[in-house]
Amino acid sequence: MPGRPWFPTGVTGAEGRDPAVRSAVRQGVSVAVATGLYGVSFGALSVVAGVSVPQTMALSLLLFSGGSQFALIGVVAAGGSPVAAVATSTLLGVRNALYGAVVAPLLGVRGWRRLAAAHLTIDESTAVAVGQREPAATRAGFWVTGAGVFVLWNAFTLLGALAGDALGDPRAWGLDAAAGAAFLALVWPRLAARRAQVVAALAVAVTAALIPVVPAGVPVLAAAAVAIVAGLVATPRAGAGTGAAA
Amino acid sequence: MTTTVLWATVLVASLLSLALKLAGHLIPQHWLATERVQRTSTLVTVALLVSLVVVQTFADGQALVVDARVPALAVAAIALALRAPFIVVVLLAAATAAGLRALGWG
């Protein structure tokens, strides 16, 4: 029977028959499996960095943002200060605030559900949610992806942490190289834009120049400072205003 | 870091992570919707991740060194260019470094 249902979808379960919702759920599940799997590498690298298994699980359960988690253990592994570790992790988490502002009006939730939605607001859940065309599919995509990643990411973090504990010398297994590869994989899809490439080159130069002269953790923060300046001063397009001679 | 300091680091970072996420959900959308804020946030993410790649690959304490991690990163970049999934990229990099070290280099 054609036409819209008179009842609100999402309350009755009618959205289960909506092909757009089913498609969003399928996307969410596949993203959750792919993302959850690399929780193994986080878990292993974390214990190798000197973070205990319970602390590693606390990061995946409570901090729950892949980039920030890898960054925090990276600073710890390099012997950086707690302040540098927290600052690097938190700066990487700033984008989650932007994601929250994007998805909040699409989800329209209050109370404890809003807290749950906030905790599950990460790259993957936001990407699947905003990729949908229908409101019901957007909601389904967000929740399936967010909850799916949360469950699998934590399960595989535990697996990796227990395995990493049993590995012995991490360098013999190439786990130090795996950390660099993990960061490269996280940044790779963000390097398409010209401006991002310029900032990436500046970040390489600043980091390499500072590593020999400042404590661990500081070069990464200096690279972030360069990006903040670049983002604030760069003009979005040429030709605007009166500064033709400048 | 001592165990206590590390726990404090983990918990403070977790609290700040949730605070940022929650702030995004609670504050009016137009506050964060300016182009300048979005652009800066994107660039900070790129700079931090790239900087971490450099530290993880070339730093040995405060020294810059070239060892088995460098070819491993090159293999990772090739795998990414060929659109390999994350876990494959990481495993190939680890296997490259482990293999080179087993052969006695880096």
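The shown structure was predicted, so the numbers you read here are calculated from the model rather than taken from an experiment.

Visitor: Would you mind going over the overall build of chain B with me for this structure?
Guide: Across its full length, chain B carries five helices and two strands. Secondary structure elements of chain B occur, N-terminal to C-terminal, as α-α-α-β-β-α-α. Rg of the C-alpha trace for chain B: 19 Å, well past the compact-globule value of 13 Å for 106 residues, more than 25% over. For chain B, the C-alpha atoms occupy an extent of roughly 55 × 40 × 25 Å along the three principal directions. Residues counted as buried form 44% of the 106 residues belonging to chain B. Expressed as a percentage of contacts within chain B between residues at least 6 apart in sequence, the contacts between residues at least 24 apart total 36%. If you sum the accessible surface of chain B, you get close to 5100 Å²; carbon and sulfur atoms cover 72% of it.

Visitor: Sorry, what's going on with the interface of chain A and chain B here?
Guide: In many reports, interface size means the accessible area that the parts give up when they come together. Counting residues at the interface gives 92 residues for chain A, matched by 67 residues for chain B. Each partner contributes to the roughly 6700 Å² buried at the junction of chain A and chain B, and carbon and sulfur atoms together form 76% of this total. Of all residues in chain A, Gln55(A), Leu98(A) and Ile211(A) bury the most surface against chain B, accounting for 9% of the area lost on that side. Applying the counting rule to chain A against chain B returns one salt bridge. Between Asp176(A) and Arg101(B) there is a salt bridge, and its shortest N-O distance comes to 2.8 Å. Where chain A meets chain B, there are 14 residue pairs in polar contact (both at pLDDT 80 or more).

Visitor: Explain helix H10 (residues 194-210) of chain A to me, please; I cannot follow it from the model alone.
Guide: With 17 residues, H10(A) extends 25 Å from end C-alpha to end C-alpha; this agrees with the ideal 24 Å at 1.5 Å per step. All of the buried residues in H10(A) are Ala196(A), Val199(A), Ala200(A), Ala203(A) and Thr207(A). Buried residues in H10(A), looked at end-on, bunch into an arc of 105 degrees, giving them a common side. Facing away from the buried side of H10(A) by more than 90 degrees, the exposed set consists of Arg194(A) and Ala209(A). On the buried face of H10(A), the contacting elements are helix H11 (218-233) of chain A together with helix H3 (35-58) of chain B.

Visitor: I tried to follow empty space enclosed by the protein on my own but got confused; where do I start?
Guide: Picture a little ball the size of a water molecule; that probe, rolled over the atoms, points out where space is still empty. Under the defined criterion, the tally for this structure stands at two cavities of 30 Å³ or more. Lining the largest cavity are 18 residues; nearest its centre among them are Tyr38(A), Ser65(A), Gly66(A), Gly67(A) and Glu124(A). Going through the elements one at a time, helix H4 (66-77), helix H5 (82-107), helix H7 (123-130) and helix H8 (135-165) of chain A together with H3 of chain B are the ones with two or more residues in the lining of the largest cavity. Broken down by element, the lining of the largest cavity gets its largest block of residues, three residues, from H4(A). For the second largest cavity, the calculated volume is near 40 Å³. What lines the second largest cavity is Gly74(A), Val75(A), Ala78(A), Ala216(A), Gly217(A), Val220(A), Leu52(B), Val55(B) and Gln56(B). Mapped by element, the contributors of at least two residues to the lining of the second largest cavity are H4 of chain A together with H3 of chain B. Element by element, the count of residues in the lining of the second largest cavity is highest for H3(B), at three residues. Looking at side-chain class alone, the lining of the second largest cavity contains six nonpolar, three polar and no charged residues. Looking at which domains feed residues into the lining of the second largest cavity, each of domain 1 (14-187) and domain 2 (191-236) of chain A gives three or more.

Visitor: Can you help me understand unusual backbone geometry in this one?
Guide: Of all residues except glycine, most have a negative phi; of all peptide bonds, most are trans. Positive phi outside glycine occurs at Phe64(A), with the angle close to 40 degrees. With relative accessibility at 2%, the residue Phe64(A) sits in the buried group.

Visitor: Which parts of the structure should I look at to understand the side chain of Glu124(A)?
Guide: Residue and element names in this part refer to chain A. Residue position: Glu-124 is located in helix H7. Buried and unpaired, Glu-124 has no salt bridge, with Arg-95 as the nearest side chain of opposite charge at 7.0 Å. Ignoring anything within four residues of it in the chain, the contact list for Glu-124 reads Val-31, Thr-35, Tyr-38, Thr-145 and Val-149.

Visitor: In this structure, what is going on with the environment of Leu20(B)? I would like to understand it.
Guide: Within the secondary structure, Leu20(B) is located in helix H1 (residues 3-26). Once you skip the residues sitting within four places of it in the chain, Leu20(B) turns out to touch Thr90(A), Gly93(A), Val94(A) and Ala97(A).

Visitor: Is there a simple way to explain the packing of H4(A) against helix H9 (residues 175-187) of chain A in this structure?
Guide: A pair of packed helices can be characterised by two numbers: the angle between their axes and the separation between those axes. All names here are of chain A. Where H4 contacts H9, the two axes come as close as 11 Å, and the packing angle between them is 150 degrees. Relative to H9, the element H4 lies roughly antiparallel. Along this stretch, H4 crosses H9, giving a crossing that reads as left-handed. Residues Gly-67, Phe-70 and Ala-71 of H4 form the contact with H9, whose participating residues are Ala-182, Phe-183 and Leu-186. Among the residues making up the contact of H4 with H9, the classes are represented as five nonpolar, one polar and no charged.

Visitor: Is there a simple way to explain the environment of Leu91(B) in this structure?
Guide: Residues and elements named next belong to chain B. Along the chain, the position of Leu-91 falls in helix H5 (residues 86-102). Among the residues examined, Leu-91 registers a relative accessible area of 54% and is labelled exposed. Sequence separation between Leu-91 and Ala-76 is 15 residues, and the spatial gap between their C-alpha atoms is 8.8 Å.

Calculation rules
Residues numbered from 1 in each chain as written. Chains lettered and ligands numbered in written order. Predicted model: local features only at pLDDT ≥ 70, side-chain atom pairs only at ≥ 80, totals over all residues. Heavy atoms only, no water. Helix = DSSP H or I, 4+ residues; strand = E, 2+ residues; numbered from the N terminus. Rg over C-alpha atoms; globule rule 2.2 N^0.38 Å. Buried < 20%, exposed > 50% of the residue type's maximum accessible area, 1.4 Å probe, protein only. Contact = heavy atoms within 4.5 Å. Areas by Shrake-Rupley, 256 points an atom, 1.4 Å probe, with all protein chains shown as cover. Buried area = accessible area lost by both parts, 1.4 Å probe. Salt bridge = Lys/Arg side-chain N within 4 Å of Asp/Glu carboxyl O. Polar contact = N/O pair within 3.5 Å; in protein donor to acceptor, adjacent residues only side chain to side chain. Expected span 1.5 Å × (residues − 1). Arc of directions from axis to C-beta. 1 Å grid on protein atoms, 1.4 Å probe; cavity = no way out; pocket = protein on both sides within 12 Å on 5 of 7 lines; lining within 4 Å. Points joined across faces, edges and corners; volume = space filled by probe spheres on them. Nonpolar A, V, L, I, M, F, W, Y, C, P; charged D, E, K, R; others polar. Domains from an automatic or database assignment. Lys, Arg positive; Asp, Glu negative; His and termini not counted. Axes fitted to C-alpha atoms, helices over the stretch in contact; angles between N-to-C directions. Parallel < 35°, antiparallel > 145°, perpendicular 65-115°, else oblique. Left-handed = near helix turned anticlockwise from the far one by under 90°.

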